[in-house]
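Below are the chains, spelled out letter by letter.
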Amino acid sequence: MEPTNKCKVFNKSGKLICDLLLILIAEKPSYGYELSNRLCEMGITIPEGIGQKGRVYRALADLEKRKEIEFDWDTSSSPPRKIYKVTQSGKKRIKNFIIEMEEQIIVLKNFIKKAKENI
(Lines give C-alpha, C1' and ligand atoms only; values in the text may rest on other atoms or scores of the structure.)
Protein backbone atom coordinates (compact mmCIF):
# COMPACT_ATOMS: atom_id res chain seq x y z
CA MET A 1 0.00 0.00 0.00
CA GLU A 2 1.42 3.36 -1.02
CA PRO A 3 1.43 6.18 1.53
CA THR A 4 -0.97 8.96 0.66
CA ASN A 5 -0.62 12.68 1.12
CA LYS A 6 -4.28 13.10 2.01
CA CYS A 7 -5.13 14.99 5.16
CA LYS A 8 -5.96 12.83 8.14
CA VAL A 9 -9.48 13.27 9.40
CA PHE A 10 -10.57 13.67 12.99
CA ASN A 11 -14.15 12.62 13.65
CA LYS A 12 -14.21 14.30 17.04
CA SER A 13 -13.08 17.75 18.04
CA GLY A 14 -11.92 16.55 21.50
CA LYS A 15 -8.56 16.50 23.17
CA LEU A 16 -6.30 15.82 20.19
CA ILE A 17 -7.42 18.81 18.15
CA CYS A 18 -6.92 21.02 21.23
CA ASP A 19 -3.38 19.71 21.64
CA LEU A 20 -2.61 20.26 17.96
CA LEU A 21 -4.01 23.80 18.03
CA LEU A 22 -1.89 24.60 21.09
CA ILE A 23 1.25 23.50 19.25
CA LEU A 24 0.40 25.67 16.24
CA ILE A 25 -0.40 28.68 18.43
CA ALA A 26 2.86 28.20 20.35
CA GLU A 27 4.69 28.25 17.04
CA LYS A 28 2.94 31.42 15.87
CA PRO A 29 0.08 33.33 17.51
CA SER A 30 -2.83 33.10 15.06
CA TYR A 31 -6.55 33.60 14.52
CA GLY A 32 -9.09 30.80 14.06
CA TYR A 33 -9.39 30.68 10.28
CA GLU A 34 -5.62 30.72 9.85
CA LEU A 35 -5.30 27.90 12.39
CA SER A 36 -7.77 25.77 10.39
CA ASN A 37 -5.63 26.26 7.29
CA ARG A 38 -2.42 25.51 9.16
CA LEU A 39 -3.90 22.24 10.48
CA CYS A 40 -4.46 21.11 6.90
CA GLU A 41 -0.95 22.21 5.89
CA MET A 42 0.31 19.86 8.60
CA GLY A 43 -1.69 16.99 7.07
CA ILE A 44 -4.78 17.30 9.27
CA THR A 45 -8.25 18.47 8.40
CA ILE A 46 -11.65 18.54 10.02
CA PRO A 47 -14.45 16.54 8.34
CA GLU A 48 -16.31 18.39 5.60
CA GLY A 49 -19.80 19.67 6.14
CA ILE A 50 -21.75 22.00 8.35
CA GLY A 51 -19.74 23.15 11.31
CA GLN A 52 -16.37 22.23 9.82
CA LYS A 53 -14.64 25.40 10.98
CA GLY A 54 -16.91 25.46 14.03
CA ARG A 55 -14.98 22.52 15.51
CA VAL A 56 -11.82 24.59 15.52
CA TYR A 57 -13.61 27.51 17.16
CA ARG A 58 -15.19 25.23 19.78
CA ALA A 59 -11.77 23.79 20.56
CA LEU A 60 -10.35 27.33 20.85
CA ALA A 61 -13.19 28.29 23.20
CA ASP A 62 -12.43 25.23 25.33
CA LEU A 63 -8.73 26.12 25.48
CA GLU A 64 -9.64 29.68 26.40
CA LYS A 65 -12.00 28.51 29.15
CA ARG A 66 -9.22 26.28 30.54
CA LYS A 67 -6.88 29.31 30.45
CA GLU A 68 -4.45 27.48 28.17
CA ILE A 69 -4.69 30.25 25.57
CA GLU A 70 -5.53 33.93 25.68
CA PHE A 71 -6.06 36.47 22.95
CA ASP A 72 -5.47 40.02 21.86
CA TRP A 73 -7.65 41.81 19.34
CA ASP A 74 -6.17 42.55 15.93
CA THR A 75 -8.00 45.72 14.91
CA SER A 76 -5.91 46.26 11.78
CA SER A 77 -8.40 44.21 9.79
CA SER A 78 -12.14 44.45 9.44
CA PRO A 79 -13.78 42.85 11.25
CA PRO A 80 -11.32 42.69 14.17
CA ARG A 81 -9.92 39.21 14.88
CA LYS A 82 -8.83 37.40 18.02
CA ILE A 83 -5.14 36.52 17.84
CA TYR A 84 -4.57 33.57 20.16
CA LYS A 85 -1.40 32.96 22.13
CA VAL A 86 -0.39 30.17 24.52
CA THR A 87 -0.30 30.70 28.28
CA GLN A 88 2.02 29.00 30.77
CA SER A 89 -0.75 26.49 31.47
CA GLY A 90 -0.95 25.78 27.74
CA LYS A 91 2.80 25.22 27.55
CA LYS A 92 2.51 22.70 30.39
CA ARG A 93 -0.22 20.88 28.45
CA ILE A 94 2.04 20.76 25.36
CA LYS A 95 4.84 19.21 27.44
CA ASN A 96 2.43 16.54 28.71
CA PHE A 97 1.21 15.93 25.16
CA ILE A 98 4.78 15.34 23.99
CA ILE A 99 5.32 12.75 26.72
CA GLU A 100 2.04 10.98 25.83
CA MET A 101 2.83 10.93 22.11
CA GLU A 102 6.37 9.63 22.64
CA GLU A 103 4.93 6.77 24.72
CA GLN A 104 2.33 6.01 22.04
CA ILE A 105 4.99 6.04 19.32
CA ILE A 106 6.89 3.29 21.16
CA VAL A 107 3.74 1.17 21.45
CA LEU A 108 2.83 1.71 17.78
CA LYS A 109 6.35 0.84 16.60
CA ASN A 110 6.13 -2.43 18.56
CA PHE A 111 2.82 -3.30 16.88
CA ILE A 112 4.14 -2.38 13.43
CA LYS A 113 7.20 -4.58 14.00
CA LYS A 114 4.99 -7.53 15.03
CA ALA A 115 2.69 -6.97 12.06
CA LYS A 116 5.63 -6.97 9.62
CA GLU A 117 7.00 -10.16 11.17
CA ASN A 118 3.69 -11.94 10.65
CA ILE A 119 2.66 -10.98 7.11
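Scoring rules and cut-offs
Residues numbered from 1 in each chain as written. Predicted model: local features only at pLDDT ≥ 70, side-chain atom pairs only at ≥ 80, totals over all residues. Heavy atoms only, no water. Salt bridge = Lys/Arg side-chain N within 4 Å of Asp/Glu carboxyl O. Helix = DSSP H or I, 4+ residues; strand = E, 2+ residues; numbered from the N terminus. Buried < 20%, exposed > 50% of the residue type's maximum accessible area, 1.4 Å probe, protein only. 1 Å grid on protein atoms, 1.4 Å probe; cavity = no way out; pocket = protein on both sides within 12 Å on 5 of 7 lines; lining within 4 Å. Points joined across faces, edges and corners; volume = space filled by probe spheres on them. Axes fitted to C-alpha atoms, helices over the stretch in contact; angles between N-to-C directions. Left-handed = near helix turned anticlockwise from the far one by under 90°. Contact = heavy atoms within 4.5 Å. Nonpolar A, V, L, I, M, F, W, Y, C, P; charged D, E, K, R; others polar. Expected span 1.5 Å × (residues − 1).

Undergrad: I keep staring at the pattern of salt bridges and nothing clicks. Help me out?
TA: Opposite charge on two side chains makes pairing possible when the charged atoms of those side chains draw close. All told, the structure shown has 11 salt bridges when counted by the stated rule. Between Glu100 and Lys15 there is a salt bridge, with the nearest N and O atoms lying 3.3 Å from each other. Placement of the pair is Glu100 in helix α4 (residues 88-117) and Lys15 in helix α1 (residues 15-27), with a sequence separation of 85 residues. On the basis of relative accessibility, which here comes to 46%, the residue Lys15 falls in the partly exposed class. In this structure, the salt-bridge partner of Asp74 is Arg81, at a minimum N-O distance of 3.8 Å. Take Arg81: its relative accessible area is 29%, and that puts it in the partly exposed class.

Undergrad: Please explain the layout of surface pockets as it appears in this structure.
TA: Counted as a void, the second largest pocket has a volume near 170 Å³. If you trace the second largest pocket, you find it lined by Lys15, Leu16, Asp19, Phe97, Glu100, Met101, Gln104, Ile105 and Leu108. Among the secondary structure elements, those contributing two or more residues to the lining of the second largest pocket are α1 and α4. For the lining of the second largest pocket, the leading source of residues is α4, giving six residues.

Undergrad: Hey, could you run me through the packing of α1 against α4 in this one?
TA: Packed helices, taken two at a time, are described by the angle their axes make and the gap between the axes. Between α1 and α4, the least distance of the axes is 10 Å, while the angle of their chain directions is 120°. Crossing of α1 over α4 shows left-handed handedness. Residue-level contacts link Lys15, Leu16, Cys18, Asp19, Leu20, Leu22, Ile23 and Ala26 of α1 to Gly90, Arg93, Ile94, Phe97 and Glu100 of α4. In terms of residue class, the contact of α1 with α4 is made up of eight nonpolar, one polar and four charged.

Undergrad: What should I look at first to understand α4 in this one?
TA: Helical periodicity: at 3.6 residues per turn, an α-helix aligns residues three or four positions apart in one direction. Here α4 contains 30 residues, and its C-alpha end-to-end distance of 44 Å stays within 8% of the 44 Å for a straight helix at 1.5 Å per residue. For α4, every residue scored as buried is listed here: Gly90, Arg93, Ile94 and Phe97.

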